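Reading the structure
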Amino acid sequence: MSEGQKFQLGTVGALSLSVVSSVSIVICNKALISTLGFTFATTLTSWHLLVTFCSLHVALWMKLFEHKPFDARAVMGFGILNGISIGLLNLSLGFNSVGFYQMTKLAIIPCTVLLETLFFRKQFSRSIQLSLTILLMGVGIATVTDLQLNVLGSVLSLLAVLTTCVAQIMTNTIQKKFKVSSTQLLYQSCPYQALTLFIVGPFLDGLLTNKNVFAFKYTPLVLFFIVLSCLISVSVNFSTFLVIGKTSPVTYQVLGHLKTCLVLAFGYVLLRDPFSWRNILGILIAVAGMVLYSYCCVLENQQKQNEAPVKLP
């Protein structure tokens, strides 16, 4: 098997792992938050990161990957920024309507494209731009409902978009610059992300829910779903770094919208959530945009490979 085929196989595996694990954790967290009343999302995320770090430490002890230290300041800054972006996204959801929060998530793709164009001189073809436009339009039709604006919520959403874009671009840039794998970067940045959310998590959750995470009644069923959520999060966090490292931040965001459509479809088919023809139309348009984006990416990659100089033996 050639290097190109191995890379493509690895990319497909990373994308598949990301989709399956993300949809699974959404379903698990939905049961935890909606059914069992555990609404402390930021604190739960800090536990996810702690379990992820412990799992990677065991994997390192078993020599499943090699520890590769590099620029400590870059790792610390990246980890703290990631933690802040998660906190800001949760605050954005808390201080905005669901519709405006969905608009915030949609804004991440064009913002990422803009930042990569301005600071990294990356070129996006017209076909890529068209496919992204179709995708965003479809997701918008399927998910965006009410748009209630307020000053504080808008500022939080803007900060959430900027920090998320920069963090995801840094994920790709750091892996390539320091030649580290997604596992090595995740292992070294996890403690900083977890510590950031450990500090701000209970405060943010208290602000958003008017409840105390330490006073919550932890029944065996609640503990079971928390443990299950933490175990699934190991796969989610790993696949996130893997996908961004193998593809790009924009492709990861496209994949994120695919997950949104899958969660909507799953909720309708199995959980009988309210659904309308608008949701169905939006999902179909979004899927068409994703297919077009994938086709354009494959076409451009093949074109680059054909244009690359052939090495003589």
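The structure this text deals with has already been given above.
What this report covers is the structure whose coordinates are included nearby. (Residues numbered from 1 in each chain as written. Predicted model: local features only at pLDDT ≥ 70, side-chain atom pairs only at ≥ 80, totals over all residues. Heavy atoms only, no water.)

1. Quick notes on the packing of aromatic side chains
Two aromatic rings, taken as a pair, are described by how far apart their centres are and by the angle between their planes. In this structure the tally under the stated criterion is 11 aromatic pairs. Ring plane angle 85° and centroid distance 5.3 Å describe the contact between F38 and F216, whose orientation is recorded as edge-to-face. Separated by 178 residues along the polypeptide, F38 in the loop between α1 (3–35) and α2 (41–61) and F216 in the loop between α7 (182–209) and α8 (220–246) bring together distant segments of the chain. Both residues of the pair, F38 and F216, count as buried. With centroids separated by 5.7 Å and ring planes inclined at 70°, the aromatic side chains of F65 and Y187 adopt a geometry described as edge-to-face. Highlighted residues: F65 in the loop between α2 and α3 (72–95) and Y187 in helix α7, separated in sequence by 122 residues. A residue is classified by how much of its surface remains accessible, and Y187, at 9% relative accessible area, is buried. (Phe/Tyr/Trp six-rings, centres within 6.5 Å; stacked < 30°, edge-to-face > 60°. Helix = DSSP H or I, 4+ residues; strand = E, 2+ residues; numbered from the N terminus. Buried < 20%, exposed > 50% of the residue type's maximum accessible area, 1.4 Å probe, protein only.)

2. Description of the side chain of T183
Turning to its location among the elements, T183 is positioned in helix α7. Take T183: its relative accessible area is 14%, and that puts it in the buried class. If near-sequence neighbours (up to four positions away) are discounted, T183 is found in contact with L56, F65 and F238. (Contact = heavy atoms within 4.5 Å.)

3. Quick look at the pattern of salt bridges
All told, the structure shown has 1 salt bridge when counted by the stated rule. We note a salt bridge from E116 to K122, for which the minimum N-O separation is 3.8 Å. Take E116: its relative accessible area is 6%, and that puts it in the buried class. (Salt bridge = Lys/Arg side-chain N within 4 Å of Asp/Glu carboxyl O.)

4. A few points about the packing of α7 against α8
One way to put it is that α7 packs onto α8 with a least axis distance of 10 Å and a crossing angle of 125°. In this view, α7 runs oblique relative to α8, as classed from their interaxial angle. Seen along the crossing, α7 lies across α8 with a hand that is right-handed. In this structure, α7 contributes S182, T183, L185, L186, S189 and Q193 to the contact, and α8 contributes N237, F238, F241 and L242. Classifying every residue of the contact of α7 with α8 by side-chain character gives 5 nonpolar, 5 polar and no charged. (Axes fitted to C-alpha atoms, helices over the stretch in contact; angles between N-to-C directions. Parallel < 35°, antiparallel > 145°, perpendicular 65-115°, else oblique. Left-handed = near helix turned anticlockwise from the far one by under 90°. Nonpolar A, V, L, I, M, F, W, Y, C, P; charged D, E, K, R; others polar.)

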